[in-house]
Amino acid sequence: MNKGRKDWIRIGLFFIFFLVLDQWTKYLAKTYLAEMEHGIPLIKNIISLKYLYGGNSGAAWGILSGKTTFLLIISVFVIAVILFLIRNIERILLSKTFQNTKKLIALQYLLVFVVTGALGNGIDRIHYGYVIDFISFDLINFPIFNVADMYVSFSCFLITILCLFCFHENELNAVFTVNFPKKAKK
């Protein structure tokens, strides 16, 4: 099996594991937390597990509430762009263009986390018409969220840090460049 295929299998297994983890936590929340009036405090007055009745029919902080179809279309577009970037990173890794590949691999996995989070919440939108939220940060008045939201939020934060402080301009240009296959000469 060649290196490229092994990498895609590894990425696929990573994706499946974390998608299943997200869906499993939402299943547990819907099954057990929905019946509890006050939820389960994990750290008293700081963080708890509370089922958000009626779910979140919008995006982060409930913006675009009730715009499920629009959010699904945006999610599909974002997932497509990110899959393109993941493929581009794989192409760069296989071509051995850059010496330091660890930051490219880190970027690739962070992008997979973003796709996993987007798809996890997309599954909820399709299946329930809303996203299941159940993690409450009680220390401040913060919206209730879920595991997929954490994937997206933390990954986007770390991607920003990577892009600002770890990548050179030529590396980012390579990741974001569209390379069309060259036509064979007759």
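Please read all numbers here as calculations on a predicted model, not as lab measurements. (Residues numbered from 1 in each chain as written. Predicted model: local features only at pLDDT ≥ 70, side-chain atom pairs only at ≥ 80, totals over all residues. Heavy atoms only, no water.)

Draft legend 1. Region of interest: a nonpolar patch on the surface. A cluster of nonpolar side chains, namely Met 36, Ile 40, Leu 42, Ile 43, Ile 46, Leu 139, Ile 140 and Phe 142, defines an oily patch on the protein surface of about 680 Å² accessible area. The exposure class of Ile 40 is partly exposed, given its relative accessible area of 34%. (Patch = residues over 30% accessible without salt bridge, like charges linked within 9 Å, V, L, I, M, F, W, Y side chains within 5 Å. Areas by Shrake-Rupley, 256 points an atom, 1.4 Å probe, with all protein chains shown as cover. Salt bridge = Lys/Arg side-chain N within 4 Å of Asp/Glu carboxyl O. Buried < 20%, exposed > 50% of the residue type's maximum accessible area, 1.4 Å probe, protein only.)

Draft legend 2. Molecular detail of the nonpolar core. Residues Ile 89, Leu 104, Leu 107, Leu 111 and Val 175 are the most contacted members of the largest nonpolar core, which totals 24 residues. Elements with a contribution of two residues or more to this core: helix 2 (68-95), helix 3 (102-128), helix 4 (147-165) and helix 5 (169-176). Top contributing element to this core by residue count: helix 3, with nine residues. Not counting chain neighbours up to four residues away, the residues in contact with Ile 89 comprise Leu 104, Leu 107, Gln 108, Leu 111 and Val 175. Ranked by size, the runner-up nonpolar core spans twelve residues in total, among them Leu 33, Ile 132, Val 147 and Tyr 151. (Core = buried A, V, L, I, M, F, W, Y, C linked by side-chain atoms within 4.5 Å. Helix = DSSP H or I, 4+ residues; strand = E, 2+ residues; numbered from the N terminus. Contact = heavy atoms within 4.5 Å.)

Draft legend 3. Highlighting the side chain of Thr 116. For Thr 116, the position within the fold is in helix 3. You can call Thr 116 buried: its relative accessible area is 1%. Within the structure, Thr 116 has its side chain in polar contact with the backbone oxygen of Val 112 (distance 2.7 Å). In contact with Thr 116, other than residues within four places in its own chain, are Phe 15, Phe 18, Leu 19 and Tyr 151. (Polar contact = N/O pair within 3.5 Å; in protein donor to acceptor, adjacent residues only side chain to side chain.)

Draft legend 4. A look at the layout of surface pockets. Considered as a void within the structure, the largest pocket measures approximately 820 Å³ in volume. Around the largest pocket, the lining comprises 28 residues; the ones closest to its centre are Ala 60, Asn 121, Asp 149, Val 152 and Ser 153. At the level of secondary structure, the elements contributing two or more residues to the lining of the largest pocket comprise helix 2, helix 3 and helix 4. Taken together, the residues of the lining of the largest pocket break down into 18 nonpolar, seven polar and three charged. (1 Å grid on protein atoms, 1.4 Å probe; cavity = no way out; pocket = protein on both sides within 12 Å on 5 of 7 lines; lining within 4 Å. Points joined across faces, edges and corners; volume = space filled by probe spheres on them. Nonpolar A, V, L, I, M, F, W, Y, C, P; charged D, E, K, R; others polar.)

Draft legend 5. Helix 3, seen in detail. Here helix 3 spans 39 Å end to end across 27 residues, near enough to the 39 Å set by a 1.5 Å rise per residue. Of all the 27 residues making up helix 3, 19 are buried; the element is thus mostly covered by neighbouring parts of the structure. (Expected span 1.5 Å × (residues − 1).)

Draft legend 6. Looking closely at the pairing of strand 1 (residues 40-43). Sheet analysis places strand 1 next to strand 2 (residues 47-49), joined by three bridges and oriented antiparallel. Of the residues in strand 2, the one forming a bridge with Ile 40 is Leu 49. (Pairing = 2+ DSSP bridges.)

Draft legend 7. Region of the structure containing the state of the cysteines. The full count for this structure, using the stated rule, is zero disulfides. Free cysteine: Cys 156, not disulfide-bonded; nearest cysteine sulfur from Cys 163 at 10 Å. We classify Cys 156 as partly exposed; its relative accessible area is 36%. Of the cysteine sulfurs around Cys 166, a residue in no disulfide, the closest is that of Cys 163, at 9.0 Å. On the basis of relative accessibility, which here comes to 35%, the residue Cys 166 falls in the partly exposed class. (Disulfide = S-S within 2.5 Å.)

Draft legend 8. The arrangement of the packing of helix 3 against helix 4 in detail. Remark: helix 3 packs on helix 4, axes separated minimally by 8 Å, with the N-to-C direction vectors making an angle of 150°. With respect to helix 4, the axis of helix 3 lies roughly antiparallel. Two packed elements cross with a definite hand, and for helix 3 against helix 4 that hand is left-handed. Residues Lys 103, Ala 106, Leu 107, Leu 110, Leu 111, Phe 113, Val 114, Thr 116, Gly 117, Ala 118 and Asn 121 of helix 3 touch helix 4, and the partners they reach there are Ala 148, Asp 149, Tyr 151, Val 152, Ser 155, Cys 156, Leu 158, Ile 159 and Leu 162. Taken together, the residues of the contact of helix 3 with helix 4 break down into 14 nonpolar, four polar and two charged. (Axes fitted to C-alpha atoms, helices over the stretch in contact; angles between N-to-C directions. Parallel < 35°, antiparallel > 145°, perpendicular 65-115°, else oblique. Left-handed = near helix turned anticlockwise from the far one by under 90°.)

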